[in-house]
Structure formats: structure tokens, C-alpha cells
Amino acid sequence: SYRLTMTDTDVAVVGAGPVGLATALGLARAGIRSVVLDAGSGLNTSPRAMAYLHPVLPGLEALGVLPDLKAIGLEGPGINFIDMASGEHFHQKLDVLRGVVTHPYALQLGQGDVGGVLLGHLAAYPDTEVRWDSRVTGVVNGETGVEVSYQAPGGPGTAPSAATSHVARAVP
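Rules behind the numbers
- Residues numbered from 1 in each chain as written.
- Predicted model: local features only at pLDDT ≥ 70, side-chain atom pairs only at ≥ 80, totals over all residues.
- Heavy atoms only, no water.
- Helix = DSSP H or I, 4+ residues; strand = E, 2+ residues; numbered from the N terminus.
- Expected span 1.5 Å × (residues − 1).
- Buried < 20%, exposed > 50% of the residue type's maximum accessible area, 1.4 Å probe, protein only.
- Contact = heavy atoms within 4.5 Å.
- Core = buried A, V, L, I, M, F, W, Y, C linked by side-chain atoms within 4.5 Å.
- Salt bridge = Lys/Arg side-chain N within 4 Å of Asp/Glu carboxyl O.
- pLDDT = per-residue confidence, 0-100.
- Pairing = 2+ DSSP bridges.
- Right-handed = clockwise from strand over helix to strand, strands pointing away.

### Concerning the environment of G120
As for its position among the elements, G120 is in helix α4 (residues 111-122). Distance in space between the C-alpha atoms of G120 and V65 is 9.5 Å, their sequence separation being 55 residues.

Written out as C-alpha cells, the structure reads:
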């Protein structure tokens, strides 16, 4: 049985995909303690997201991970969308954004690779922990903040101050 209290952590991040791990890294860099809860037994290495574009790359740069991602990824001139029903290809070339955005290219690499780099950077922050095999079962607004209940191999637990993979805001 696990129980996190406000003395253990400030924020619980739900989901250890790239967004959840990036959220935890941003919190860690700001000096905010967090625990990442993920139902999986480790990083999802299936190639779900394969291209990271100009709206996302500045955020990855601000987190300090972009150089490592560029070292293992491929910078492409654009991306190709395929209409599966018709087979038609739609090419989106990004060179037209040169001089308009900081990163006018598609960084191509798998979601698992991005997660691995983020986990590597998170290792430098002892106040941030990733708990695998921790399935969130509920979120309720408690007297001292939001409480996140989860099941883990050792039993159920509760974590205060939730942040979903899409929201990095602790609720006091």
C-alpha cells in the first residue's frame, strides 16, 4: 500500500508519455517535487508520435533536451500526410517557415526515444520519481488539495495535488 502526502511530493503527474515526462522535467527544473504515475511497466516504445514540429520544439529546447533529441533523431524538411481512404499524399514542406520560426523542420524520432531522453534528464532530479505499474483509479478534491488514488503492485495509494499529462498545475 502506498500513500503520498504533501511532505512527500508537491505534484502528481498522471502519465509517463512525452507530455507527462516533459511536465515533470519542467516542474523539477522549477524546484517543484513531483511523482509521475503510469499504468505501464516502462516506457511505451511503440512509434506513436514520429514527428515533432516547430510549435513543440522551442518547449523541448527550453527544457534542455532538444540537443539530445536532435542527436538521435532526423531533421526532415517536412512531413507527409496520407489519406488512408483515397491513398492521396499531402506534403507539408516546412522550409517556407525559415526566418519565421526558430525550428523550420520536422524532428523525426519515436515517442519512446523522446521518453528515454526525458527520463535521462529527470534522473538528475532526486525530488522527481517515476512510478511504473501505478494505475490511477480516481481523482477527488480533498480538504488539502486534489487527491489521486492509484493501484500499484504493493497496493493502493493516494497522491496529493494532481496534474494530468495536459495540465501542470498543482492545486493547494
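After that view of the structure, there is still more to cover.
### Let's talk about helix α1 (residues 18-29)
Spanning 12 residues, α1 covers 16 Å between terminal C-alpha atoms, matching the ideal 16 Å at 1.5 Å per step. When α1 is considered as a whole, its buried residues turn out to be P18, G20, L21, A22, T23, A24, L25, L27 and A28. On its buried side, α1 packs onto β1 (11-14), β2 (34-37), β3 (51-52), α4 and β8 (128-131). One or two positions beyond α1, positive phi appears at G31, with a value near 80°.

### Some remarks on the side chain of Q111
Here Q111 is to be found in helix α4. When its relative accessible area of 11% is taken as the criterion, Q111 is described as buried. In this view, Q111 contacts G17, P18, N44, S46, R48, A49 and Y52; residues no more than four positions away in its chain are not counted.

### A look at the nonpolar core
Counting residues in hydrophobic clusters, the biggest one holds 23 residues, and the most contacted among them are L57, V65, L69, L107 and L118. Taken together, the elements giving at least two residues each to this core come down to β1, α1, α2 (57-62), α3 (66-72) and α4. The element contributing the most residues to this core is α1, with five residues. If we skip the residues at most four places from it in the chain, L107 touches M50, A51, Y52, L57, L66, L69, K70, G73, L74 and E75.

### Comments concerning unusual backbone geometry
Peptide bonds are trans in most cases, and residues, glycine excluded, mostly fall at negative phi. One non-glycine residue, D133, lies in positive phi territory at about 55°. Summarising the element assignment, D133 is placed in the loop between β8 and β9 (135-142).

### A closer look at the pattern of salt bridges
When charged atoms on two side chains of opposite charge get close, those side chains can pair. Taken as a whole and judged by the stated rule, the model has three salt bridges. Residues K70 and E75 are paired through a salt bridge, measuring 3.4 Å at the closest nitrogen-oxygen approach. As a salt-bridge pair, R131 and E129 come within 2.8 Å of each other at their nearest N and O atoms.

### Some words on the confidence of the model for the protein
A low pLDDT means the predicted coordinates there should not be read in detail. Averaged over the protein, the pLDDT score is 84; the fraction of residues at 70 or greater is 84%. For the protein, per-element mean pLDDT is lowest for strand β12 (residues 162-164), which scores 45, and highest for α3, which scores 98. Throughout residues 161-172 the model reports pLDDT below 50, and contacts reaching past four residues in sequence, or to other chains, amount to 33 contacts.

### Regarding the pairing of β2
Taking every second residue as pointing to the same face, both faces of β2 are buried, with S34 and V36 on one and V35 and L37 on the other. Pairing analysis gives four bridges linking β1 to β2, with the strands arranged parallel. Residue pairing across strands places V13 opposite V36, the latter belonging to β2. Of the crossover connections in this fold, the one passing from β1 over α1 to the parallel β2 is right-handed. As paired strands, β2 and β8 are joined by four bridges and run parallel to one another.

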